[in-house]
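Residue-level structure breakdown
So the chains spell out like this:
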Amino acid sequence: MIFWTIVVLLIGVPAVILGVPALRRSLVTPHIFALFKRILPAMSDTERDALEAGTTWWDADLFSGRPDWDKLMKLPKPTLTAEEQSFLDVEVRHLCELVDDWESTQVWQGIPAPAWQYARDKGFLGMIIPREYGGKAFSAYMHSQVVMQLSTRSSALAVQVMVPNSLGPAELLLHYGTEEQKNYYLPRLAAGKEIPCFALTSPYAGSDAAAIPDTGVVCMGTHEGRETLGLRITWNKRYITLGPIATLLGLAFRVVDPDRLLPPGTDTGITCALIPTTHEGVVIGRRHWPLGAVFQNGPTSGKDVFIPMNWIIGGPQQIGKGWRMLMECLAAGRAISLPSTSVGTAKLAVRGTSAYCAIRRQFKTPIGKFEGVQEALARMGGNLYMMDATRKLSALAVDLGEKPAVISAIAKYHVTERGRAVVNDGMDILGGKGICMGPSNFLGRAYQQIPIAITVEGANILTRCLIIFGQGAIRAHPYVLREMHATADKDQRRAELEFDDAFFGHVRFVCANAARGLWYALTGASSAPVPQQADPAMAGYYRAVGRMSTAFALLTDTSMFVLGGELKRRERISARLGDALSMLYLVSATLKRFEDDGRQADDAPYVHWSVQDALHKAQLALAGVLDNFPNRFIAGAVRVLLFPFGMPYAEPNDDLGGDVARAMQTAGPSRERLLADGFLADDLRDPVACGELAFALLPQVDAIEHRLKPAVRAGQLGAMPQTLPLLDQWSAHAVSLGLLTPEERRTLADFARFTDLSVHVDDFSPDLNAAVDAEQRRRMTAPAIVLEV
Ligand SMILES: Cc1cc2nc3c(=O)[nH]c(=O)nc-3n(C[C@H](O)[C@H](O)[C@H](O)COP(=O)(O)OP(=O)(O)OC[C@H]3O[C@@H](n4cnc5c(N)ncnc54)[C@H](O)[C@@H]3O)c2cc1C
C-alpha cells in the first residue's frame, strides 16, 4: 500500500499534472517560465538583430536530429541559363585573358586598366542588379561561377569584381533604398559608372563592428545653397575594399541627436548612407597592401562632413536600422563571395599540382606515385570536391530565396579553411617550384594571400566560435528561439502559453533524441532514414548523418541545459558543436552533388574520401565536447548513451587515398568535373597551361616508353632522357633503328618542351627589383605564344 502511494505521488501525480495542459499551465509553467527569464543571458539589440537576421534551411533539418533527405534531394541541381553560360564562356574568359596575376602584382600593382574597364563596361559590377535598372540579374549560382572562374586566374581581379556584388551599396539599395535612390544609383552601378565600396570597419571596431565610434550628428546645414536638416559625420575607417578608387562610399556610422531635431521616438543608432566621394571632406585614395595583393583596399576618413538626410539609405525613416540591414544582407553575400574565391584558388592549386605530380620525376618515378605525395594529393582532391559541393548547395539556397545565416557562416569558414589546406598541401608537393617567386610560380601568391579570405567577412576564429553555433543553436533549433521570444513578450498570458508549448515540445524533443541516439548506437543506425532514390553505395553515409545529427542535437541541448548563458563564453565547447553541425552540412552537400552529377562512378573516390573524413571530424568534435564538458557525470552518461561501443567512424584509409590521388592524375571527364569552369590559358607563358599540355601527352609518352622497354633492356637504346637536347639525340637514334615513328618523336619532343616549361623556375639578375622590372617589360612586350593543339 505504501509502495503504491509512493508510486502515485512520484509518478502518477506529476504525469497527470504534466499531461493535462490546463493543470500544467497553471501549476508548472509559470514557475519554469520565471526561472527561464532569470537565467536567460542578457541580449543586446545588436545581438538580437544578428540572431534574427536571415533564414534557416537545411541547418534546421540537421538540428532536428531527423534530416528530411527527400526534401534535399528533390531540390534542383544548380544550373545556368543559356545567357549566363554564354557570359561565362565569352566575357568571363576574355576578362581572365586580360589579366596576368604576376604582371598585375609586379608591374601595375593593380588590375590592368583595360581589364578593369572591360569589367565595368560589360556589367561585371552589376551582376546582382535587376534588368529594369540595366543590371545582369544573374542567379546567385552564376555570380558564384563568375567569381570562382576569375579566382582561378587572379584573386585580385576576383575580389574587385566580387565586392560590388556582395554586401555594399547595390545590395543595400535593392532592399532598402528609396525609389529615387534606386532610380539614380542602380543604373549607374550596373553600367560601371560608379565604383562602390562599403565602409564599416574602424580601427577600434573590427570583429565587434557594432561598436563603431563613427558618428553622424543631426543638425541643420547648407547643402546646394539651401539650409537643410542633415548629419555632420566624422569617420575613420580602414581595410575598405575598392575604397581608394571608389566614387560612391557606403558608410556606416552611429546617429546622435543631441538637439532633438528628429521626431520624438526616432530610434537613433547604426545608420547607413551613400556619399559621393567627390563630396567635400571625404578623404580616400591611400592604399593598404594586404599581403602583397593588389586589389584596391585602403582607409577613408572625414571630419564634420555635412550630408542631407536623403543620403541615408532608405531615407530618414531608416535611421538606426543600419545594423539589421547589414546583418540581413550579409547572410546571402557571405554564402557566395569567399566560398567562390576559395574554390577557384583550390581549383588552380589542384590543376597545377596534380599535373605536376604526374610529369615531374624523381628517383626515376613520377612524384605522384610516392605514397607520401599521394597522401597530400588525396587531401587536396577530397577537400576540393567537398568545397565545390558546399559552394553549389549554398548558392542554391540563396537562389531559392533563403538568406541562410548559419549556412553562409559554415560555407565561409569551412570552404576558406579547406582552401588554405589545399594550397598548403600544393606548396608542400611543389617543393622549390612553389617557393621561388616569378611568373612560372602559379601557387606562391595564393599561399601568400590565403589568410585574406580567412580574415574578411567575419574573421574565421570568430565565425567558428561565435557565429556558426552561437546563431545556429538559437536560429536553427526547433524550440529555443520560440522560448526566447516568449520571454520577451510583454503580454504575460500569451507569453506563458507560447512558452508552455515551446518548452514542453523541447522536453519531448530531448527525450526523443536520447531514445533515438541510443537506438542508433545499438543498431549501427541501420534504421536511420535514407532518401528514396539514394545510390545504395552511399546509403551508409546518409544513415551516419542521421546518427550524428541526433547525437549533435542531444549534446547541444545537454550543453545549453548544463551551461546556460555560460555556453556563450565557453567558446571551445560551442565551436566544437559548430564543427559537428558544419561537417554534417558539408557531407549533405557532397552527397547531393554526387546525385546531381548523375552518380558518376569515377567520382566515387572523392565522395568516399571527403565524407569519411568529415564524419570522422564530426565525431572528433563531439568527442572533444564530451572530453572537455564541465560536468563529468553528465558527460559520461551522454557518452554511454550515444557511443556505448566507442567512436564509430574511421578516417579514410590509405587505399582510398591512393584511389583519389590516381583519379586526380588521370586525364578525363572525372578530373574535368573536379576542375570544372576554371580558367585555363592557351598561352605557353602560363605555367599551368604548360603543365596541362605535358599532362595531356603523358599517356602517349608512357605507352612509347613501355613499348621501348625491351629495346632498352636489350641494350639497343639507353634509358629515355628527360631533357630536350639529350632526348632529341636519343629519339633520332630510335627513329633510325625503326623503333619510333617520326610522329612519336614529335610527341616526345613536345612533351619534353612542355615539361621543361612546367618545371622551370625563374631567376633574376642580382639587383632583384630592376631585374624583375626588366623581365616584366620583356614579357609584356613579347607576343603571347598561343597554342594550336
Ligand atoms: C583585405 C581586407 C579587406 C576588407 N574589406 C572590408 C570592407 O570592404 N569593408 C569593411 O567594412 N571592412 C573590411 N574589412 C574588415 C574585415 O571584415 C575585418 O578585418 C574583420 O572583420 C576582422 O577585424 P580585425 O581585422 O580588426 O580583427 P579583430 O576584430 O581585431 O580580431 C582579431 C582576432 O580576434 C578574433 N576575435 C574577435 N572577437 C572574437 C570573439 N568574440 N571570439 C573569438 N574570436 C574573436 C578574430 O577572429 C581575430 O582572429 C577588410 C579587411 C581586410 C583585411
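Everything discussed here concerns the structure shown above.
In this report, we go over the structure that sits alongside the text. On a predicted model such as this, the values are computed, not experimentally measured, just so you know. (Residues numbered from 1 in each chain as written. Predicted model: local features only at pLDDT ≥ 70, side-chain atom pairs only at ≥ 80, totals over all residues. Heavy atoms only, no water.)

**Quick notes on the packing of aromatic side chains**
Two aromatic rings, taken as a pair, are described by how far apart their centres are and by the angle between their planes. This structure, assessed with the given rule, holds 14 aromatic pairs. Residues Trp69 and Tyr542 carry aromatic rings whose centres are separated by 4.8 Å and whose planes lie at 85 degrees to one another, so their mutual orientation is edge-to-face. Pair noted here: Trp69 is in helix α6 (residues 69-74) and Tyr542 is in helix α22 (residues 539-563), with a separation of 473 residues, a long-range link. With a relative accessible area of 2%, Trp69 lands in the buried category. Residue class for Tyr542 comes out buried when judged on its relative accessible area of 0%. (Phe/Tyr/Trp six-rings, centres within 6.5 Å; stacked < 30°, edge-to-face > 60°. Helix = DSSP H or I, 4+ residues; strand = E, 2+ residues; numbered from the N terminus. Buried < 20%, exposed > 50% of the residue type's maximum accessible area, 1.4 Å probe, protein only.)

**A closer look at the site of the ligand**
The ligand sits among 20 residues. The nearest are Leu200, Thr201, Ser207, Tyr239 and Glu571. Within the contact set of the ligand, a nitrogen atom lies 2.7 Å away from a side-chain nitrogen or oxygen of Glu571. If the ligand stood free it would expose 980 Å²; the protein chains cover 69% of that surface. Those elements that place two or more of their residues in the shell around the ligand are β1 (196-199), β3 (226-241), α18 (444-455) and α19 (460-475). Considered class by class, the residues forming the shell around the ligand number 12 nonpolar, six polar and two charged. (Near = heavy atom within 4 Å. Polar contact = N/O pair within 3.5 Å; in protein donor to acceptor, adjacent residues only side chain to side chain. Areas by Shrake-Rupley, 256 points an atom, 1.4 Å probe, with all protein chains shown as cover. Nonpolar A, V, L, I, M, F, W, Y, C, P; charged D, E, K, R; others polar.)

**Things to note about the pattern of salt bridges**
All told, the structure shown has 37 salt bridges when counted by the stated rule. Taking the shortest distance from any N to any O, the salt bridge between Asp304 and Arg232 comes out at 3.7 Å. Residue Asp304 is found in strand β6 (residues 297-308), and its partner Arg232 is found in strand β3; the two are separated by 72 residues along the sequence. What makes Asp304 partly exposed here is its relative accessible area of 40%. Look at Arg232 and you get partly exposed, because its relative accessible area is 33%. Across the pair Glu566 and Arg569 runs a salt bridge whose closest N-O atoms are separated by 3.3 Å. (Salt bridge = Lys/Arg side-chain N within 4 Å of Asp/Glu carboxyl O.)

**What to know about the packing of α22 against helix α25 (residues 632-642)**
The geometry of a pair of packed helices is captured by two quantities: the angle between their axes and the separation between those axes. Closest axis-to-axis distance for the α22/α25 pair is 11 Å, and the angle between their directions is 165 degrees. Our classification of the angle between α22 and α25 gives roughly antiparallel. Relative to α25, α22 is oriented so that their crossing is right-handed. Side by side, α22 and α25 meet where Arg547, Ala551, Leu554, Leu555, Thr558 and Val562 of the first sit next to Ile634, Val638, Leu641 and Leu642 of the second. In terms of residue class, the contact of α22 with α25 is built from eight nonpolar, one polar and one charged. (Axes fitted to C-alpha atoms, helices over the stretch in contact; angles between N-to-C directions. Parallel < 35°, antiparallel > 145°, perpendicular 65-115°, else oblique. Left-handed = near helix turned anticlockwise from the far one by under 90°. Contact = heavy atoms within 4.5 Å.)

**Let's talk about the environment of Asp425**
Along the chain, Asp425 turns up in helix α16 (residues 405-430). Taking the relative accessible area as the measure of exposure, Asp425 reaches 7% and is therefore buried. Sequence spacing of Asp425 and Arg379 is 46 residues, and the spatial spacing of their C-alpha atoms is 7.8 Å. Each residue touching Asp425, except ones within four places of it in the same chain, is listed here: Ala376, Arg379 and Met380. Among the polar contacts made by the side chain of Asp425, one reaches the side chain of Arg379 at a distance of 2.9 Å.

From the geometry alone we can't say anything about function, so treat these as descriptive.
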